[in-house]
Amino acid sequence: MVFRELSLPVRLLFYLFLAVAAVSILYPLTWMSYTSLKTNEEVMFSPFGLPTRISFENIAEAWQTGNFARLYANSILIAVVSVIGIISISTTAAYGLARYHFSANRALFLYFLVGMAVPTQALMVPSFKLMAILDSWANALHLPIPLLNSPLPVILTYMSWSSLAIIFIRAYFISIPPELEDAARVDGARELQILRLVMVPLAMPAIATMTIFYFVFFWNDFLWPLIYLHKHTLRTIPLGIMHFEGKYVSLWSLQVAALSLAAWPPILIYILFHRRIQRGLTEGALKF
Amino acid sequence: MANLSQADSALPQMRPGRFRLPRGEAWRENLYGYLFISPWILGFVLFLAGPLLVSLGLMFTEYAGFKKITYVGLANFEELIKFDIRFIGSLRVSAVFAFWTVSLAIIISLAMALLLNQRFKGHTFFRGLFYLPAAVSGVAMTFVWAAMFEKDYGMFNQILRIFDFDRVAWLTSIEWALPSYIIMRLYGVGHYMVIMLAGLQSIPDDLHEAAKVDGASGLALFRHITLPLLSPTIFFLMIVGMIGSLQVFTEGFMLTQGGPARSTLFYVLYLYIVAFTERRFGYASVLAWLLFLIIMGLTLLQFWLARRWVHYESQEA
């Protein structure tokens, strides 16, 4: 079927369908964005109309009352540290699995499936207890590692979710010819140096894709911060949003402004990196 | 990536490591191998396998999260089978939700992918646009949807009013609450579409050309060439979609907490309520493991069924 061979009415129908789909996808997001730029009066009198003039009063107020500077700092800290951790762990593990004598393919695949199928809710209680125990041990040994009331337990939990990254990066490593490493080995490079100086630069596309993926995922995650971050100074953006929406139920304009503050960063990341994200998605599926 | 064709196999095949050190140094090789994977193994044991084993043990206890743990034998299982109405209800809610979201998402994304696979002006733009909602999912989007479903001013009821229909109490009525969540989920259908589209594009053009020369019509082409060659992709989406939708939690937790009249009490939401509101961790562990078994069972069943309908090129070669 070649598009240009179709008759004009069919082609028009086709574009009409696409336009309807595009509008219904964009509408909730644009509604959120422009509503947060309206003044309170406008939100009251025409909740779904376009703004007549752009005002940042609600954005500024939501930023202040929701303590968004704090939320952003917490979210960025947790996401960045977790991503760095998970990428280092998965890259070394992927290299070990790709180049040494493990017949780990099948086991890894099974682990991936099991990891997906395990309801994280089954892990919540024992994990929470485990962190409390580790925390008391750290206290007894006078180690300055706070495992409760700190972002650390969330970060450690995130860092254990490496199966996707391992599978993805490992597949990329396998496609790199081993002669390159042999050459480096002949030149006297050590194993870790080979990984750092030869393999990682070559596998950068896969690593970058995983970085973006996990960052957005950690940014949006709600459950683990809900379990570990009880102090309001530690809250991440999803948690902050939840409390904010509960507190200002009647102030719609303020609520929507807060939603925009939370949703814009992932949207921006997507717009910047959408090609890489989509390629990553499809490659992951093809290797299933 | 053409060299990683999906026709490869559903399960990755065992591939021997390509690189081999000299024989006498096998011990060294193993050592390095284990060193490389040790951080991962450590995290896996501490934060996945360990807690999982603990929750396995908790199934036979009563435990409220404090010091005292009471061994109760099989009492939790007995309660599950004999007395728990909420459990049956939540299982039904999740099953209905998973069935409709996965089947609708596959049909819609297939249609969209077939459209976007045409080479018309702007197809990359539309592809990027359709994936956008999947990227911004999460808490903020859930609240935006709550506003869309709002009874008086929400977008859906505004549209219904234009066409002179009665208002619908989307998230607050027993009939419409669950369908509302299904609609909400389908907003992320772009995720399926991108993968479907990649599957379509990996089908070689010459197969279609050859069939056309033999006089096959558009529908026959779709039925006998596109669909069989796309079946591994559809299979992948069915598995991933099923697992994901059986675990739905966040939306329900934030918007309706299971109401009205338990019509949106998703299984995992019920599990969370048992664990953290009622603080019955033993019973919650039973629920969690049962869900795990259900998901694994369904996945294996699908793998078994897949032999009848999923077409892998390598099997014929």
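Nothing here was measured: the structure is a model prediction, and the numbers come from that model. (Residues numbered from 1 in each chain as written. Chains lettered and ligands numbered in written order. Predicted model: local features only at pLDDT ≥ 70, side-chain atom pairs only at ≥ 80, totals over all residues. Heavy atoms only, no water.)

K.L.:
Looking at this structure, how should I read the overall build of chain B?
P.N.:
Counting secondary structure elements, chain B contains 14 helices and two strands. The 317 residues of chain B split such that 49% are buried. If you take every contact in chain B between residues at least 6 apart in sequence, the share linking residues at least 24 apart comes to 67%. Here chain B displays about 16,000 Å² of accessible surface, and carbon together with sulfur accounts for 65% of that area. (Helix = DSSP H or I, 4+ residues; strand = E, 2+ residues; numbered from the N terminus. Buried < 20%, exposed > 50% of the residue type's maximum accessible area, 1.4 Å probe, protein only. Contact = heavy atoms within 4.5 Å. Areas by Shrake-Rupley, 256 points an atom, 1.4 Å probe, with all protein chains shown as cover.)

K.L.:
Help me understand the confidence of the model for chain A in this model?
P.N.:
Any residue range with low pLDDT should be treated as having predicted coordinates unsuitable for detailed reading. Here chain A shows a mean pLDDT of 82. Residues at 70 or above account for 89%. Per-residue pLDDT, averaged within each element of chain A, yields its smallest value for helix α5 (residues 105–117) of chain A (67) and its largest for helix α4 (residues 68–99) of chain A (91). (pLDDT = per-residue confidence, 0-100.)

K.L.:
Would you explain unusual backbone geometry in this entry?
P.N.:
Of all residues except glycine, most have a negative phi; of all peptide bonds, most are trans. All names here are of chain B. Positive phi, close to 60°, is recorded for R262, a residue that is not glycine. Along the chain, R262 falls in the loop between α11 (250–255) and α12 (267–277). Since its relative accessible area comes to 48%, R262 is described here as partly exposed. With phi around 50°, R279 is a residue other than glycine that occupies positive phi space. Among the structural elements, R279 can be located in the loop between α12 and α13 (281–309). The class for R279 is partly exposed, based on a relative accessible area of 34%.

K.L.:
When you look at the nonpolar core in this model, what are you seeing that I'm missing?
P.N.:
In a soluble, globular protein the nonpolar side chains are often hidden away together inside. Among the nonpolar cores identified, the biggest contains 190 residues, and F173, F222, W224 and I241 of chain A together with F130, F253 and L287 of chain B are the most heavily contacted of them. By residue number, the principal contributor to this core is α4 of chain A, which donates 14 residues. Discounting residues that sit within four places of it in the chain, L287 of chain B has contacts with L80, F87, Y267, Y270, L271 and V274 of chain B. (Core = buried A, V, L, I, M, F, W, Y, C linked by side-chain atoms within 4.5 Å.)

K.L.:
I tried to follow the packing of helix α3 (residues 85–116) of chain B against helix α7 (residues 174–186) of chain B on my own but got confused; where do I start?
P.N.:
Packed helices, taken two at a time, are described by the angle between their axes plus the distance between the axes. All names here are of chain B. For the pair α3 and α7, interaxial distance at closest approach is 10 Å and the crossing angle is 35°. Our pair here, α3 against α7, has a crossing hand that is right-handed. In this structure, α3 uses V93, V96, F97, W100, T101, L104, A105 and I108 to contact α7, whose residues at the interface are L178, Y181, I182, R185 and L186. Its residues assigned to classes, the contact of α3 with α7 shows eleven nonpolar, one polar and one charged. (Axes fitted to C-alpha atoms, helices over the stretch in contact; angles between N-to-C directions. Left-handed = near helix turned anticlockwise from the far one by under 90°. Nonpolar A, V, L, I, M, F, W, Y, C, P; charged D, E, K, R; others polar.)

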